[in-house]
Amino acid sequence: MQRISSTLAPDLSLSRIAFGLWRLTDWGYSPAERVSLFEQMLDLGVTTFDLADIYGEYRCERFFGEALKLQPQLRARMEIVSKCSIRLAGEASGARINHYDTSAAHVRSAVETSLRDMGVEQMDLLLLHRPDPLMDAEALAAVLESLVQEGKVKHLGVSNFLPHQFDLLQSRLSLPLVANQIEVSLLHSLPMFDGQLDHCQQHEVIPMAWSPFAGGRLFAGDDADATRIQQELARLSKSLGLDAENGPIQLALAWLLKHPSQMVPVLGSGNPKRLVAALAALEMELDREGWFELLRAGRGRDVD
Ligand SMILES: NC(=O)c1ccc[n+]([C@@H]2O[C@H](COP(=O)([O-])OP(=O)(O)OC[C@H]3O[C@@H](n4cnc5c(N)ncnc54)[C@H](OP(=O)(O)O)[C@@H]3O)[C@@H](O)[C@H]2O)c1
(Lines give C-alpha, C1' and ligand atoms only; values in the text may rest on other atoms or scores of the structure.)
Protein backbone atom coordinates (compact mmCIF):
# COMPACT_ATOMS: atom_id res chain seq x y z
CA MET A 1 0.00 0.00 0.00
CA GLN A 2 1.15 3.53 -0.76
CA ARG A 3 2.68 5.42 2.16
CA ILE A 4 2.27 9.08 2.99
CA SER A 5 5.13 11.14 4.35
CA SER A 6 6.18 14.73 4.63
CA THR A 7 9.54 16.45 4.29
CA LEU A 8 8.79 17.79 7.78
CA ALA A 9 9.45 14.32 9.22
CA PRO A 10 11.43 12.06 6.89
CA ASP A 11 11.44 9.24 9.45
CA LEU A 12 7.64 9.06 9.68
CA SER A 13 5.32 7.59 7.11
CA LEU A 14 1.67 6.68 7.47
CA SER A 15 -0.25 4.11 5.51
CA ARG A 16 -2.44 5.69 2.81
CA ILE A 17 -5.42 4.51 4.86
CA ALA A 18 -5.41 4.40 8.64
CA PHE A 19 -7.43 2.27 11.05
CA GLY A 20 -9.43 4.17 13.69
CA LEU A 21 -10.04 2.47 17.01
CA TRP A 22 -12.53 4.89 18.57
CA ARG A 23 -15.21 2.21 18.53
CA LEU A 24 -12.94 -0.68 19.57
CA THR A 25 -14.69 -1.28 22.90
CA ASP A 26 -18.08 -1.50 21.11
CA TRP A 27 -17.02 -4.28 18.76
CA GLY A 28 -17.10 -6.99 21.38
CA TYR A 29 -13.87 -8.68 20.21
CA SER A 30 -11.84 -10.78 22.60
CA PRO A 31 -8.13 -9.90 22.92
CA ALA A 32 -7.28 -12.78 20.53
CA GLU A 33 -9.86 -11.54 18.01
CA ARG A 34 -8.37 -8.05 18.27
CA VAL A 35 -4.94 -9.52 17.49
CA SER A 36 -6.29 -11.23 14.41
CA LEU A 37 -8.09 -8.07 13.21
CA PHE A 38 -4.92 -5.99 13.69
CA GLU A 39 -2.83 -8.65 11.91
CA GLN A 40 -5.26 -8.68 9.04
CA MET A 41 -5.04 -4.90 8.68
CA LEU A 42 -1.24 -4.95 8.92
CA ASP A 43 -1.02 -7.70 6.30
CA LEU A 44 -3.08 -5.49 3.99
CA GLY A 45 -0.68 -2.60 4.53
CA VAL A 46 -2.88 -0.60 6.92
CA THR A 47 -0.19 0.10 9.50
CA THR A 48 -1.36 3.37 11.04
CA PHE A 49 -3.60 2.85 14.09
CA ASP A 50 -5.47 5.83 15.49
CA LEU A 51 -6.44 6.12 19.14
CA ALA A 52 -7.05 8.73 21.84
CA ASP A 53 -6.89 8.63 25.60
CA ILE A 54 -10.64 9.26 25.93
CA TYR A 55 -11.84 6.64 23.40
CA GLY A 56 -14.23 4.09 24.85
CA GLU A 57 -14.49 6.18 28.02
CA TYR A 58 -10.76 5.85 28.59
CA ARG A 59 -10.76 2.09 27.91
CA CYS A 60 -9.74 1.77 24.24
CA GLU A 61 -6.02 2.13 24.79
CA ARG A 62 -6.15 -0.66 27.38
CA PHE A 63 -8.10 -2.90 24.97
CA PHE A 64 -5.46 -2.13 22.34
CA GLY A 65 -2.66 -2.83 24.83
CA GLU A 66 -4.19 -6.21 25.76
CA ALA A 67 -3.88 -7.29 22.14
CA LEU A 68 -0.29 -6.04 21.86
CA LYS A 69 0.58 -7.94 25.02
CA LEU A 70 -0.61 -11.16 23.35
CA GLN A 71 1.42 -10.44 20.18
CA PRO A 72 4.16 -7.93 21.11
CA GLN A 73 5.81 -8.21 17.68
CA LEU A 74 2.84 -6.34 16.14
CA ARG A 75 4.11 -3.10 17.67
CA ALA A 76 7.10 -2.88 15.33
CA ARG A 77 4.83 -3.18 12.29
CA MET A 78 2.58 -0.25 13.14
CA GLU A 79 2.50 3.50 13.69
CA ILE A 80 0.59 4.38 16.82
CA VAL A 81 -1.21 7.72 16.73
CA SER A 82 -2.86 8.91 19.93
CA LYS A 83 -4.38 12.12 21.23
CA CYS A 84 -4.85 14.04 24.42
CA SER A 85 -6.25 17.34 25.70
CA ILE A 86 -9.93 16.48 26.18
CA ARG A 87 -11.08 15.64 29.70
CA LEU A 88 -14.43 13.96 30.02
CA ALA A 89 -16.43 14.52 33.18
CA GLY A 90 -16.55 11.51 35.44
CA GLU A 91 -14.65 9.24 37.74
CA ALA A 92 -12.02 8.17 35.19
CA SER A 93 -10.68 11.71 34.82
CA GLY A 94 -11.89 13.27 38.06
CA ALA A 95 -13.28 16.20 36.03
CA ARG A 96 -16.58 17.92 36.95
CA ILE A 97 -17.29 19.00 33.39
CA ASN A 98 -16.19 18.02 29.91
CA HIS A 99 -13.39 20.40 29.04
CA TYR A 100 -10.11 20.84 27.18
CA ASP A 101 -6.85 20.82 29.05
CA THR A 102 -3.62 21.69 27.25
CA SER A 103 -1.80 22.49 30.47
CA ALA A 104 1.69 21.03 30.71
CA ALA A 105 0.74 18.92 33.73
CA HIS A 106 -2.28 17.36 32.04
CA VAL A 107 -0.57 16.71 28.70
CA ARG A 108 2.36 15.01 30.39
CA SER A 109 0.19 12.87 32.62
CA ALA A 110 -2.19 11.97 29.75
CA VAL A 111 0.69 10.82 27.53
CA GLU A 112 2.29 8.79 30.30
CA THR A 113 -1.05 7.15 31.11
CA SER A 114 -1.64 6.35 27.42
CA LEU A 115 1.78 4.72 27.10
CA ARG A 116 1.16 2.67 30.24
CA ASP A 117 -2.32 1.61 29.07
CA MET A 118 -1.04 0.56 25.65
CA GLY A 119 2.06 -1.05 27.12
CA VAL A 120 4.39 0.72 24.71
CA GLU A 121 7.44 2.91 25.24
CA GLN A 122 6.64 5.49 22.61
CA MET A 123 3.81 6.74 20.42
CA ASP A 124 4.76 7.57 16.85
CA LEU A 125 2.51 10.59 16.65
CA LEU A 126 0.83 12.57 19.42
CA LEU A 127 -2.04 14.84 18.39
CA LEU A 128 -3.56 17.61 20.47
CA HIS A 129 -7.16 16.47 20.17
CA ARG A 130 -8.96 19.83 20.05
CA PRO A 131 -7.92 23.48 20.07
CA ASP A 132 -8.24 24.83 23.61
CA PRO A 133 -9.33 28.45 24.10
CA LEU A 134 -7.14 28.53 27.23
CA MET A 135 -4.08 27.17 25.42
CA ASP A 136 -0.81 28.74 26.59
CA ALA A 137 1.14 27.99 23.41
CA GLU A 138 4.52 28.57 24.98
CA ALA A 139 3.98 26.29 27.97
CA LEU A 140 2.37 23.66 25.76
CA ALA A 141 5.24 23.76 23.28
CA ALA A 142 7.73 23.28 26.11
CA VAL A 143 6.05 20.13 27.44
CA LEU A 144 5.58 18.70 23.93
CA GLU A 145 9.26 19.19 23.18
CA SER A 146 10.30 17.56 26.43
CA LEU A 147 8.07 14.54 25.70
CA VAL A 148 9.85 14.16 22.36
CA GLN A 149 13.28 14.59 23.97
CA GLU A 150 12.42 11.91 26.52
CA GLY A 151 11.46 9.54 23.68
CA LYS A 152 7.86 9.17 24.82
CA VAL A 153 6.57 10.73 21.62
CA LYS A 154 8.25 10.55 18.24
CA HIS A 155 6.35 13.24 16.35
CA LEU A 156 3.83 15.97 17.08
CA GLY A 157 0.61 17.04 15.43
CA VAL A 158 -2.84 18.42 16.08
CA SER A 159 -6.46 17.59 15.42
CA ASN A 160 -9.39 19.85 14.60
CA PHE A 161 -7.10 22.89 14.53
CA LEU A 162 -7.97 25.71 12.15
CA PRO A 163 -5.00 27.16 10.24
CA HIS A 164 -4.53 30.12 12.62
CA GLN A 165 -4.64 27.83 15.68
CA PHE A 166 -2.10 25.56 14.02
CA ASP A 167 0.14 28.53 13.21
CA LEU A 168 0.03 29.86 16.75
CA LEU A 169 1.21 26.60 18.29
CA GLN A 170 3.78 26.07 15.53
CA SER A 171 5.19 29.56 16.12
CA ARG A 172 6.23 28.53 19.65
CA LEU A 173 7.59 25.09 18.73
CA SER A 174 11.03 24.27 17.40
CA LEU A 175 9.74 20.89 16.18
CA PRO A 176 7.30 20.62 13.27
CA LEU A 177 3.62 19.78 13.64
CA VAL A 178 3.44 17.07 11.02
CA ALA A 179 -0.29 16.24 10.89
CA ASN A 180 -3.71 17.75 11.40
CA GLN A 181 -6.56 15.28 11.83
CA ILE A 182 -9.83 16.86 10.76
CA GLU A 183 -13.32 15.77 9.82
CA VAL A 184 -13.70 15.26 6.06
CA SER A 185 -16.29 13.26 4.17
CA LEU A 186 -18.90 13.66 1.46
CA LEU A 187 -21.11 15.04 4.23
CA HIS A 188 -18.38 17.37 5.47
CA SER A 189 -16.47 18.81 2.52
CA LEU A 190 -16.01 22.23 4.14
CA PRO A 191 -12.24 21.73 4.77
CA MET A 192 -11.79 21.63 0.99
CA PHE A 193 -13.13 25.17 0.76
CA ASP A 194 -12.32 27.00 4.01
CA GLY A 195 -8.53 26.80 3.83
CA GLN A 196 -7.92 23.82 6.13
CA LEU A 197 -6.69 21.45 3.44
CA ASP A 198 -4.94 24.27 1.54
CA HIS A 199 -3.02 25.07 4.71
CA CYS A 200 -1.93 21.44 5.02
CA GLN A 201 -0.75 21.36 1.42
CA GLN A 202 1.06 24.67 1.72
CA HIS A 203 2.99 23.55 4.80
CA GLU A 204 3.35 19.86 3.84
CA VAL A 205 1.33 18.83 6.86
CA ILE A 206 -0.29 15.40 6.52
CA PRO A 207 -4.08 15.72 6.76
CA MET A 208 -5.84 12.77 8.38
CA ALA A 209 -9.58 12.57 7.66
CA TRP A 210 -11.71 11.38 10.55
CA SER A 211 -15.17 9.88 10.08
CA PRO A 212 -14.59 9.46 6.33
CA PHE A 213 -17.98 7.73 6.08
CA ALA A 214 -19.61 10.25 8.42
CA GLY A 215 -19.82 7.55 11.06
CA GLY A 216 -21.86 5.32 8.71
CA ARG A 217 -24.42 8.05 7.96
CA LEU A 218 -23.25 8.10 4.32
CA PHE A 219 -24.71 4.63 3.81
CA ALA A 220 -27.24 4.16 6.59
CA GLY A 221 -28.49 7.67 7.41
CA ASP A 222 -32.12 8.48 6.64
CA ASP A 223 -31.95 12.28 6.59
CA ALA A 224 -32.32 14.18 3.30
CA ASP A 225 -28.58 14.84 2.82
CA ALA A 226 -27.63 11.22 3.46
CA THR A 227 -30.41 9.94 1.20
CA ARG A 228 -29.29 12.18 -1.66
CA ILE A 229 -25.71 10.91 -1.34
CA GLN A 230 -26.84 7.28 -1.13
CA GLN A 231 -28.80 7.72 -4.36
CA GLU A 232 -25.83 9.29 -6.14
CA LEU A 233 -23.39 6.68 -4.84
CA ALA A 234 -25.75 3.92 -5.99
CA ARG A 235 -26.22 5.52 -9.42
CA LEU A 236 -22.51 6.09 -10.01
CA SER A 237 -21.65 2.67 -8.67
CA LYS A 238 -24.07 1.05 -11.13
CA SER A 239 -22.84 3.12 -14.04
CA LEU A 240 -19.26 2.03 -13.28
CA GLY A 241 -20.32 -1.61 -13.00
CA LEU A 242 -19.37 -1.86 -9.32
CA ASP A 243 -20.80 -4.21 -6.75
CA ALA A 244 -24.05 -2.83 -5.27
CA GLU A 245 -22.95 -3.30 -1.66
CA ASN A 246 -19.28 -2.37 -1.83
CA GLY A 247 -19.27 0.08 -4.75
CA PRO A 248 -20.70 2.98 -2.70
CA ILE A 249 -18.14 2.43 0.09
CA GLN A 250 -15.30 2.35 -2.42
CA LEU A 251 -16.54 5.45 -4.23
CA ALA A 252 -16.91 7.43 -1.01
CA LEU A 253 -13.32 6.59 -0.15
CA ALA A 254 -11.98 7.11 -3.69
CA TRP A 255 -13.56 10.57 -3.56
CA LEU A 256 -11.38 11.48 -0.53
CA LEU A 257 -8.27 9.83 -1.95
CA LYS A 258 -8.47 11.88 -5.14
CA HIS A 259 -7.99 15.15 -3.26
CA PRO A 260 -4.50 16.55 -3.90
CA SER A 261 -3.79 17.10 -0.20
CA GLN A 262 -3.21 13.32 -0.01
CA MET A 263 -5.27 13.04 3.12
CA VAL A 264 -5.16 9.80 5.08
CA PRO A 265 -8.73 8.62 5.74
CA VAL A 266 -9.11 7.01 9.17
CA LEU A 267 -11.59 4.16 8.71
CA GLY A 268 -13.72 3.41 11.74
CA SER A 269 -15.45 0.19 10.77
CA GLY A 270 -14.97 -2.87 12.95
CA ASN A 271 -16.22 -5.17 10.21
CA PRO A 272 -13.24 -6.86 8.50
CA LYS A 273 -15.20 -7.62 5.31
CA ARG A 274 -16.19 -3.97 4.99
CA LEU A 275 -12.66 -2.80 5.68
CA VAL A 276 -11.20 -5.11 3.05
CA ALA A 277 -13.85 -4.09 0.52
CA ALA A 278 -13.15 -0.40 1.18
CA LEU A 279 -9.46 -0.82 0.34
CA ALA A 280 -10.35 -1.52 -3.30
CA ALA A 281 -10.84 2.26 -3.51
CA LEU A 282 -7.05 2.52 -3.74
CA GLU A 283 -7.17 0.97 -7.20
CA MET A 284 -10.06 3.08 -8.38
CA GLU A 285 -9.78 6.02 -10.75
CA LEU A 286 -12.68 8.39 -10.18
CA ASP A 287 -12.82 10.89 -13.03
CA ARG A 288 -13.21 14.63 -12.49
CA GLU A 289 -16.88 14.71 -13.45
CA GLY A 290 -17.71 11.75 -11.23
CA TRP A 291 -15.89 13.53 -8.41
CA PHE A 292 -17.99 16.66 -8.91
CA GLU A 293 -21.20 14.63 -9.15
CA LEU A 294 -20.45 13.27 -5.69
CA LEU A 295 -19.53 16.73 -4.40
CA ARG A 296 -22.84 18.05 -5.69
CA ALA A 297 -24.70 15.23 -3.96
CA GLY A 298 -22.84 15.95 -0.73
CA ARG A 299 -23.45 19.70 -0.75
CA GLY A 300 -26.92 19.54 -2.27
CA ARG A 301 -26.05 22.11 -4.93
CA ASP A 302 -24.05 22.54 -8.06
CA VAL A 303 -20.82 24.53 -8.04
CA ASP A 304 -21.32 28.25 -8.79
N1 LIG B 1 -9.78 13.58 15.85
C2 LIG B 1 -11.05 13.56 16.14
O3 LIG B 1 -11.62 14.49 16.72
C4 LIG B 1 -11.84 12.35 15.78
C5 LIG B 1 -13.25 12.34 15.90
C6 LIG B 1 -13.92 11.19 15.53
C7 LIG B 1 -13.23 10.07 15.05
N8 LIG B 1 -11.87 10.12 14.97
C9 LIG B 1 -11.09 8.97 14.44
O10 LIG B 1 -11.64 8.63 13.19
C11 LIG B 1 -11.93 7.23 13.20
C12 LIG B 1 -13.05 6.97 12.26
O13 LIG B 1 -14.24 7.62 12.71
P14 LIG B 1 -15.62 6.88 12.50
O15 LIG B 1 -15.66 5.62 13.28
O16 LIG B 1 -16.71 7.86 12.70
O17 LIG B 1 -15.44 6.52 10.93
P18 LIG B 1 -16.36 6.10 9.74
O19 LIG B 1 -15.55 5.13 8.97
O20 LIG B 1 -16.88 7.31 9.10
O21 LIG B 1 -17.60 5.37 10.42
C22 LIG B 1 -17.51 4.10 10.97
C23 LIG B 1 -18.91 3.64 11.32
O24 LIG B 1 -19.67 3.57 10.11
C25 LIG B 1 -20.27 2.29 10.03
N26 LIG B 1 -20.35 1.91 8.63
C27 LIG B 1 -19.33 1.87 7.74
N28 LIG B 1 -19.77 1.44 6.55
C29 LIG B 1 -21.09 1.22 6.69
C30 LIG B 1 -22.12 0.76 5.79
N31 LIG B 1 -21.85 0.47 4.51
N32 LIG B 1 -23.36 0.65 6.29
C33 LIG B 1 -23.63 0.94 7.57
N34 LIG B 1 -22.70 1.37 8.46
C35 LIG B 1 -21.45 1.50 8.02
C36 LIG B 1 -19.36 1.38 10.81
O37 LIG B 1 -20.07 0.26 11.25
P38 LIG B 1 -19.37 -1.23 11.19
O39 LIG B 1 -18.35 -1.23 12.28
O40 LIG B 1 -20.52 -2.14 11.42
O41 LIG B 1 -18.78 -1.38 9.82
C42 LIG B 1 -18.94 2.28 11.97
O43 LIG B 1 -19.90 2.29 13.00
C44 LIG B 1 -12.19 6.91 14.66
O45 LIG B 1 -12.02 5.53 14.93
C46 LIG B 1 -11.15 7.74 15.33
O47 LIG B 1 -9.91 7.05 15.28
C48 LIG B 1 -11.17 11.23 15.31
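The residue count restarts for each chain, going from 1 along the sequence in the order it is written. The model is predicted, so local features are restricted to residues of pLDDT at least 70 and side-chain atom pairs to those at 80 or more, both for listing and for counting; the totals for chains, interfaces and linings are taken over all residues. Water and hydrogen atoms play no part in the side-chain values, which are based on all heavy atoms of the structure.

Per an unreviewed UniProt entry, the recorded name for the protein chain is Aldo/keto reductase, and the organism is Microbulbifer elongatus.

Engineer: Residue-level account of the site of the ligand, with values.
Structural biologist: What makes a residue near a molecule or strand is one non-hydrogen atom of that residue sitting within 4 Å of it. In the vicinity of the ligand, 28 residues are found, and the nearest of them are Arg23, Asp50, Ser211, Phe213 and Ser269. Any N or O atom pair separated by 3.5 Å or less is treated as a polar contact, with the protein-specific requirement of one donor-capable and one acceptor-capable atom, and with residues adjacent in sequence counted only for side-chain atom pairs. Asp50 is positioned such that a nitrogen or oxygen atom in its side chain is 2.5 Å from an oxygen atom of the ligand. Ser159 has a polar side-chain atom sitting 2.8 Å from a nitrogen atom of the ligand. If the ligand stood free it would expose 910 Å²; the protein chains cover 86% of that surface. A breakdown of the residues in the shell around the ligand according to their chemical character gives 11 nonpolar, 12 polar and five charged. A 1.4 Å probe and the Shrake-Rupley method give the accessible areas. Residues count as covered only by the protein chains that appear here. When residues are sorted by character, Ala, Val, Leu, Ile, Met, Phe, Trp, Tyr, Cys and Pro go into the nonpolar class, Asp, Glu, Lys and Arg into the charged class, and all the rest, Gly among them, into the polar class.

Engineer: I'd like to hear about the pattern of salt bridges, residue by residue, with values.
Structural biologist: Whenever Lys or Arg places a side-chain nitrogen within 4 Å of a carboxyl oxygen from Asp or Glu, that contact is recorded as a salt bridge. Scanning the model with the defined rule gives 18 salt bridges in all. Between Arg34 and Glu66 there is a salt bridge, with its nearest N and O atoms 2.8 Å apart. Here Arg34, found in helix α1 (residues 31–43), pairs with Glu66, found in helix α3 (residues 60–70); they are 32 residues apart in sequence, far enough to count as distant. The residue Glu150 makes a salt bridge to Lys152 at a minimum N-O spacing of 3.0 Å. Relative accessibility decides the category of a residue: with a 1.4 Å probe and only protein chains considered, values under 20% of the type maximum give buried, values over 50% give exposed, and everything between is partly exposed. With a relative accessible area of 41%, Glu150 lands in the partly exposed category. Helix and strand labels come from DSSP, where a helix needs a run of H or I of at least four residues and a strand needs a run of E of at least two; each type is numbered from the N terminus.

Engineer: Can you tell me about the side chain of Glu232, naming the residues and giving the values?
Structural biologist: Looking at the element boundaries, Glu232 is found in helix α9 (residues 224–239). Residue classification places Glu232 among the buried positions, given a relative accessible area of 11%. By definition, residues are in contact when any of their heavy atoms lie within 4.5 Å. Setting aside residues up to four positions removed in sequence, Glu232 forms contacts with Glu293, Leu294 and Ala297.

Engineer: Could you give me a rundown of the packing of aromatic side chains, with the residues and numbers involved?
Structural biologist: Geometry of aromatic contacts follows a simple scheme: Phe, Tyr and Trp rings, the Trp one being its six-membered ring, pair when their centres are within 6.5 Å, and the pair is stacked under 30 degrees between planes, edge-to-face over 60, tilted otherwise. A full pass over the atoms with the stated rule returns 11 aromatic pairs. Between Phe38 and Phe49, the ring centres sit 5.3 Å apart and the planes meet at 85°, which makes this aromatic pair edge-to-face. Of the two residues, Phe38 is situated in helix α1 and Phe49 in strand β4 (residues 48–50); the sequence distance between them amounts to 11 residues. Exposure remark for Phe38: the relative accessible area of 0% places this residue in the buried category. Each residue in the set Phe19, Trp27, Tyr29, Phe38, Phe49 and Phe64 is aromatic and connected to the rest through ring pairs, giving one cluster.

Engineer: With reference to specific residues and values, describe unusual backbone geometry.
Structural biologist: Phi at Glu57 is positive, roughly 50°, even though this residue is not glycine. On the accessibility criterion, Glu57 (62% relative accessible area) is exposed. Its identity as a non-glycine residue notwithstanding, Gln262 has a phi of 55°, on the positive side. Structurally, the position occupied by Gln262 is in the loop between α10 (247–257) and β12 (264–267). Exposure remark for Gln262: the relative accessible area of 36% places this residue in the partly exposed category.

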